[in-house]
Amino acid sequence: MLVSVQGFPQPPIQASGPLITTESNLMVTMRDGISIALDIYRPSQSGSYPTLYSSAPYPHTGDNNPPDNTDLGSVAWFVSQGFNYVIASTRGTGLSEGSYEFLSRDEQQDHYEIIEWIAEQIWSDGQVIGAGSNYYATAQWQMAIQNPPSLNCIVPVNGLVQPYQDWAFPGGLTSADFLQGWYENKVRRANA
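This one's a predicted model, so the numbers in the text were calculated from it and none came from an experiment.

Under the criterion given, the structure shown has 6 aromatic pairs. Residues Tyr-58 and Tyr-136 carry aromatic rings whose centres are separated by 5.9 Å and whose planes lie at 70° to one another, so their mutual orientation is edge-to-face. With Tyr-58 in the loop between strand 5 (49-56) and strand 6 (68-69) and Tyr-136 in helix 3 (residues 135-146), this pair connects stretches of sequence that are 78 residues apart. Of the two residues examined, Tyr-58 and Tyr-136, each falls in the buried class. Taking 5.8 Å as the distance between ring centres and 55° as the angle between the ring planes, the aromatic pair formed by Phe-78 and Tyr-85 counts as tilted.

In total, this model carries 6 salt bridges according to the counting rule given. The closest approach of N and O atoms between Asp-106 and Arg-31, which form a salt bridge, is 3.4 Å. A residue pair is termed long-range when its members are at least 10 positions apart, and Asp-106 in helix 2 (residues 105-120) and Arg-31 in the loop between strand 3 (20-29) and strand 4 (35-43) qualify at 75 residues. The exposure class of Arg-31 is partly exposed, given its relative accessible area of 39%. With a closest N to O distance of 2.9 Å, Glu-113 and Arg-31 form a salt bridge. Placement of Glu-113 in helix 2 and of Arg-31 in the loop between strand 3 and strand 4 is noted, with a sequence separation of 82 residues between them. Here Glu-113 falls in the buried class, since its relative accessible area comes to 18%.

Moving on to the nonpolar core. Nonpolar side chains in soluble globular proteins tend to be buried together. Core analysis: the biggest nonpolar cluster contains 36 residues, and Leu-38, Tyr-53, Tyr-85, Ile-114 and Ile-118 have the highest contact counts within it. At the level of secondary structure, the elements contributing two or more residues to this core comprise strand 3, strand 4, strand 5, helix 1 (75-80), strand 8 (84-89), helix 2, strand 9 (124-130) and helix 3. Beyond its immediate chain neighbours, meaning those up to four positions away, Ile-118 contacts Thr-51, Tyr-53, Val-86, Trp-123, Ser-124 and Val-128.

Helix length check: helix 3 (12 residues) gives 17 Å between terminal C-alpha atoms against 16 Å at 1.5 Å per residue, within 8%. Where burial is concerned, most of helix 3 is hidden: 9 out of the 12 residues are buried. Restricting attention to buried positions, one finds in helix 3 the residues Tyr-135, Tyr-136, Ala-137, Thr-138, Ala-139, Gln-140, Gln-142, Met-143 and Gln-146. Looking one or two places after helix 3, you find Asn-147, whose phi comes out positive at around 55°.

Moving on: the confidence of the model for the protein chain. Segments scoring low in pLDDT should not have their predicted coordinates read at a detailed level. Averaged over all residues, the pLDDT of the protein chain is 83; the fraction at 70 or higher stands at 77%. For the protein chain, per-element mean pLDDT is lowest for strand 1 (residues 3-5), which scores 36, and highest for strand 9, which scores 98. Between residues 1-17, whose pLDDT stays under 50, and residues either more than four places distant or in other chains, the model counts 25 contacts.

Before going further, it helps to spend a moment on the sheet that holds strand 4. If you trace the 6 strands from one edge of the open sheet to the other, you get 3-4-8-5-9-10, paired in mixed fashion. Edge positions in the sheet fall to strand 3 and strand 10 (151-154), since each has one partner strand and no second. Strand-to-strand twist in this sheet, taken as the mean axis angle between neighbours without regard to direction, amounts to 25°. By the bridge criterion, 4 bridges tie strand 4 to strand 8 in an arrangement that is antiparallel. Along strand 8, the bridge assignment pairs Asp-39 with Ile-87.

Parameters and conventions
Residues numbered from 1 in each chain as written. Predicted model: local features only at pLDDT ≥ 70, side-chain atom pairs only at ≥ 80, totals over all residues. Heavy atoms only, no water. Phe/Tyr/Trp six-rings, centres within 6.5 Å; stacked < 30°, edge-to-face > 60°. Helix = DSSP H or I, 4+ residues; strand = E, 2+ residues; numbered from the N terminus. Buried < 20%, exposed > 50% of the residue type's maximum accessible area, 1.4 Å probe, protein only. Salt bridge = Lys/Arg side-chain N within 4 Å of Asp/Glu carboxyl O. Core = buried A, V, L, I, M, F, W, Y, C linked by side-chain atoms within 4.5 Å. Contact = heavy atoms within 4.5 Å. Expected span 1.5 Å × (residues − 1). pLDDT = per-residue confidence, 0-100. Pairing = 2+ DSSP bridges. Axes fitted to C-alpha atoms, helices over the stretch in contact; angles between N-to-C directions.

And the structure:
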């Protein structure tokens, strides 16, 4: 079976195995001693590659298979194209320590530190690119605000510039979809 990406046939991608090296829930310590959980997917061939970085308050599956969903895209495909892909569970979510606060200043600073940590790794060529949609996209604006030297670009798809106004209180009114739909089901229950 061939997979078509932008009209070009691509060979099937192995989710795991000899083409992808996976590290699940690798803990990286932040400035205040809190550890953030990262899943890292890399080409198995030795070398340094540019790295896509995504972060959201969602727990990782821990099954070592690269995710393939609408928010992250096909991680296995990106790795097959010569990219590393790092996915973080934000502070206080998944196995990350600390307390979760919606797009907090601590979360922004964590992005800065994780991006610079990625750039120093032997498997990284020092170029980090923000990736993903929805919360992952909105988090990219938060990354860019910090202006980490190793963040080369962001590619936010379907993310909001003003999440408080657009998600939580559109038009000044409390959004039931945000509080009950997204926060209650995707964040609080998933991390309970």
